[in-house]
Amino acid sequence: MFAEENGLHGDPRIKAISDAIRVVPHFPKPGIMFQDITTLLLDLKAFRYAVDIFVDRYRDKQISVVAGVEARGFIFGPPIALAIGAKFVPLRKPRKLPGEVISEAYVLEYGTDCLEMHVGAVQPGESVLIVDDLVATGGTLSAAIRLLERAGAEVVECACVIGLPLVKGNWRLNGVPLYVLVEPRLDDLECTL
């Protein structure tokens, strides 16, 4: 669900977060309206608002692990984990972790990809929050859920800063709730996502 539909309608922090995200037309290819969070990271207030909203939502949910999806989940995940008293586990692309790994492949629009985590990073029964910057179709997050569940974890929710309209109304991925702060801005340009 979008944060505005869950008690934050009219909250000025949501507008500040949305306004801080730069839209780059036709990047990385024609027709894409790239949602650039680097400008959000440069805006101290908006970045703090994003982290604070997530922390407020998850502080009392007994989450023991925050799993961040490479690479931008590594930006938002650690401050959330520290604030709620959870450990942080990176979910990496193939061949980035030095130890023994467990992996989960998933299908992309043109090809396949894979997420990996260290064996033993998550213990059976641990409650996990998955964090990423953006959800488009849910494929990467669904792979993250499968990976963590194979390790015996219970995925409580997936949290993203931006959710594309394709996911609106589909607030569950593999049965796991999805929480999103803002919809993408198109900056009044007619361009398909």
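Here, the structure is the one placed above.
S.K.: Describe the pairing of strand S7 (residues 127-135), with residues and values.
M.R.: The buried fraction of S7 amounts to eight of the nine residues, a majority that puts the element mostly inside the structure. The pairing of strand S3 (residues 65-69) with S7 spans four bridges and is classified as parallel. Paired with Val66 across the bridge in S7 is Leu129. Sheet topology note: the S7/strand S8 (residues 154-163) ladder contains eight bridges and is parallel. Residue pairing across strands places Leu134 opposite Ile162, the latter belonging to S8. Read as a crossover between parallel neighbours, the route from S7 over helix H5 (residues 139-150) to S8 is right-handed.

S.K.: Can you lay out helix H1 (residues 12-20) for me, pointing to particular residues and giving the numbers?
M.R.: Taken as a whole, H1 has its buried residues at Ile14, Ile17, Ser18 and Ala20. End-on, the buried residues of H1 take up no more than an arc of 165 degrees, which puts them together on one face. Turned more than 90 degrees away from the buried face of H1 sit Pro12 and Lys15, all of them exposed. Residues of H1 that are buried in the fold lie against strand S1 (22-25), helix H2 (38-42), helix H3 (44-58), S8 and strand S10 (176-182). The N-terminus of H1 is capped by Asp11, whose side-chain oxygen sits 2.8 Å from the backbone nitrogen of Arg13.

S.K.: So what's going on with the side chain of Asp133? Which residues, and what values?
M.R.: Residue position: Asp133 is located in strand S7. Given a relative accessible area of 5%, Asp133 falls into the buried group. Within the structure, Asp133 has its side chain in polar contact with the side chain of Arg72 (distance 2.6 Å). Setting aside residues no more than four positions away along its own chain, Asp133 makes contact with Ile37, Arg72, Phe76, Cys160, Val161 and Ile162.

S.K.: Can you tell me about helix H4 (residues 73-84), naming the residues and giving the values?
M.R.: One turn of an α-helix holds 3.6 residues; hence residues three or four places apart share an orientation. Taking 1.5 Å per residue as the helical rise, H4 with its 12 residues ought to reach 16 Å, and the 16 Å between its terminal C-alpha atoms agrees with that figure. Every buried residue of H4 is accounted for by Gly73, Phe76, Gly77, Ile80, Ala81 and Ile84. The arc that holds the buried residues of H4, viewed along the axis, is 125 degrees, so those residues lie on one side. Those residues of H4 that are buried lie in contact with H2, H3, S3, strand S4 (87-91), S7 and S8. At the exit of H4 stands Gly85, carrying a positive phi of roughly 75 degrees.

S.K.: Describe the environment of Arg48, naming the residues involved and giving the relevant values.
M.R.: Tracing the chain through its elements places Arg48 in helix H3. You can call Arg48 exposed: its relative accessible area is 51%. Between the C-alpha atom of Arg48 and that of Val122, which follows or precedes it by 74 residues, the distance is 27 Å.

S.K.: How would you summarise the sheet that holds S3 if you had to cite specific residues and measurements?
M.R.: On the basis of which strands lie adjacent, the open sheet formed by six strands has the order S4-S3-S7-S8-S10-S9 and mixed pairing. Because the sheet does not close on itself, it has two edges, and the strands there are S4 and strand S9 (172-173). Taken together, the four bridges between S8 and S10 define a ladder with parallel strand orientation. Counted as the bridge partner of Ile162 is Val182 from S10. Across the sheet, H5 is in contact with S3, S4, S7, S8, S9 and S10; its angle to S7 comes to roughly 165 degrees.

What counts, and where the lines are drawn
Residue positions within a chain follow its written sequence, with the count starting from 1. Owing to the predicted nature of the model, reporting of local features is limited to residues with pLDDT of at least 70; listing and counting of side-chain atom pairs is limited to 80 or more, with chain, interface and lining totals taken over all residues. As a rule here, side-chain values come from all non-hydrogen atoms in the structure, and water together with hydrogens is ignored. Three labels apply to residues, based on accessible area from a 1.4 Å probe with only protein chains included: buried if under 20% of the type maximum, exposed if over 50%, partly exposed otherwise in between. Labels follow the DSSP assignment, with helices taken as runs of H or I lasting at least four residues and strands as runs of E lasting at least two, numbered in each case from the N terminus. Note: two strands are recorded as paired if DSSP finds a minimum of 2 bridges between them. Orient the strands so they point away from the viewer; a crossover is then right-handed if the path from the first strand over the helix to the second runs clockwise. By definition, the arc is the one covered by directions from the helix axis to the C-beta atoms. The contact criterion used throughout is that any non-hydrogen atoms of two residues lie within 4.5 Å. Any N or O atom pair separated by 3.5 Å or less is treated as a polar contact, with the protein-specific requirement of one donor-capable and one acceptor-capable atom, and with residues adjacent in sequence counted only for side-chain atom pairs. By definition here, a helix of n residues has an expected span of 1.5 Å times n minus one. A fitted line through C-alpha atoms represents every axis, and for helices the fit uses only the stretch in contact; the resulting angles, taken between N-to-C directions, go from 0 to 180 degrees.

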